[in-house]
Amino acid sequence: MTDPTRGTDPYGAPGATGATAYGASESRSQGGAMSAGSSGAAGEASSIGAIIADISADLSTLIHQEMELAKVEVKDSATKAGKGAGFLGGAGVGGHMALLFLSIALWWGLGSLMNNHGWAAVVVGVIWGIIAAVLASMGRTRLKTINGMPRTVETASKVPDALKGNEDRA
């Protein structure tokens, strides 16, 4: 019985007589030596191409899967962050209302002590102005210490060298 695929590479390369995906020829004897008439160079060339094609396909699949995973994780994180931000926003509104009414109570109390509600409102306003100035100064100082994403930039710049196998030379 004859083999109908004899003479073609499994990846479609013509003339690679019986070469398999990894270069083993069907015409090899049990001792591993090639029998007369087989073309080892053509089989090796097509199998190297097949290996490179497999690696390329696997790398493409890996990158695609990683991107899909990242999308799912980002969506999940964004949903949780949105809910958390909504709760924090509600807490901010509640805190603002508490400060407003406490400030009104302070204004009313000072106005009763001073017998002048106008000046009491000015005193409460100055107190809040001082608090706002201190908080703004502290926030500005903290923002100046931010230096971006230095580790991410550093590691991302090493990716092309790592793919080439030169990660120690970067």
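The following paragraphs examine the structure supplied in this document. In this convention, every chain numbers its residues from 1, walking through the sequence in written order. Only residues with pLDDT of at least 70 are given local features in this predicted model, and only at 80 or more are side-chain atom pairs given and counted; all residues enter the totals for whole chains, interfaces and linings. Derived side-chain values reflect all non-hydrogen atoms in the structure, with water molecules and hydrogen atoms excluded from consideration.

## A few points about the overall build of the chain
Our working rule: For helices the rule is a DSSP run of H or I covering at least 4 residues; for strands it is a run of E covering at least 2, with both sets numbered from the N terminus onward. Whether a residue is buried, partly exposed or exposed follows from its accessible area with a 1.4 Å probe, protein chains only, as a fraction of its type maximum: under 20%, in between, or over 50%, in that order. The protein chains shown are the only cover counted for residues, whose accessible areas, like all others here, come from Shrake-Rupley with a 1.4 Å probe.
Across its full length, the chain carries 3 helices and 0 strands. In the chain, the order of α-helices and β-strands from amino to carboxyl end is α-α-α. With 170 residues in all, the chain has 10% of them scored as buried. Just so you have it, the chain exposes about 13,300 Å², and 67% of that area is on carbon and sulfur atoms.

## Regarding the pattern of salt bridges
Inclusion rule: The rule for a salt bridge is simple: a side-chain nitrogen of Lys or Arg has to be within 4 Å of a carboxyl oxygen of Asp or Glu.
What the rule picks out here adds up to 2 salt bridges. For the salt bridge of K71 with E68, the shortest nitrogen-to-oxygen distance reads 3.6 Å. One end of the pair is K71 and the other is E68, both in helix α1 (residues 40-114) and 3 residues apart, which spans about a single turn. Under the relative-accessibility criterion, K71 is labelled exposed at 51%. Take E68: its relative accessible area is 35%, and that puts it in the partly exposed class.

## Focus: the packing of aromatic side chains
Where two aromatic rings form a pair, the distance of their centres and the angle of their planes describe that pair. Just so we agree on the cut-off: Centres within 6.5 Å are what make two rings of Phe, Tyr or Trp a pair, Trp counting through its six-membered ring; a difference in plane orientation under 30 degrees is then read as stacked, over 60 as edge-to-face, and the rest as tilted.
Per the counting criterion, the structure on display carries 1 aromatic pair. With a centroid separation of 6.0 Å and an interplanar angle of 75°, the aromatic rings of W107 and W108 are classed as edge-to-face. For W107, a relative accessible area of 28% translates into the label partly exposed. Residue classification places W108 among the exposed positions, given a relative accessible area of 51%.

## Comments concerning unusual backbone geometry
Not every positive phi belongs to a glycine, and N115 is a case in point at roughly 55°. In this fold, N115 is placed in the loop between α1 and α2 (117-144).

## What to know about α2
Threshold: Each helix should span, by expectation, one fewer than its residue count multiplied by 1.5 Å. Residues adjacent in sequence count toward polar contacts only when both atoms are side-chain atoms; beyond that, a polar contact is any pair of N or O atoms within 3.5 Å, and within protein one must be able to donate a hydrogen and the other to accept it.
Between its terminal C-alpha atoms α2 stretches 41 Å, which fits the 40 Å expected from 28 residues at 1.5 Å a residue. Of the residues flanking the start of α2, the one acting as N-cap is N116, its side-chain oxygen 3.1 Å from the backbone nitrogen of G118.

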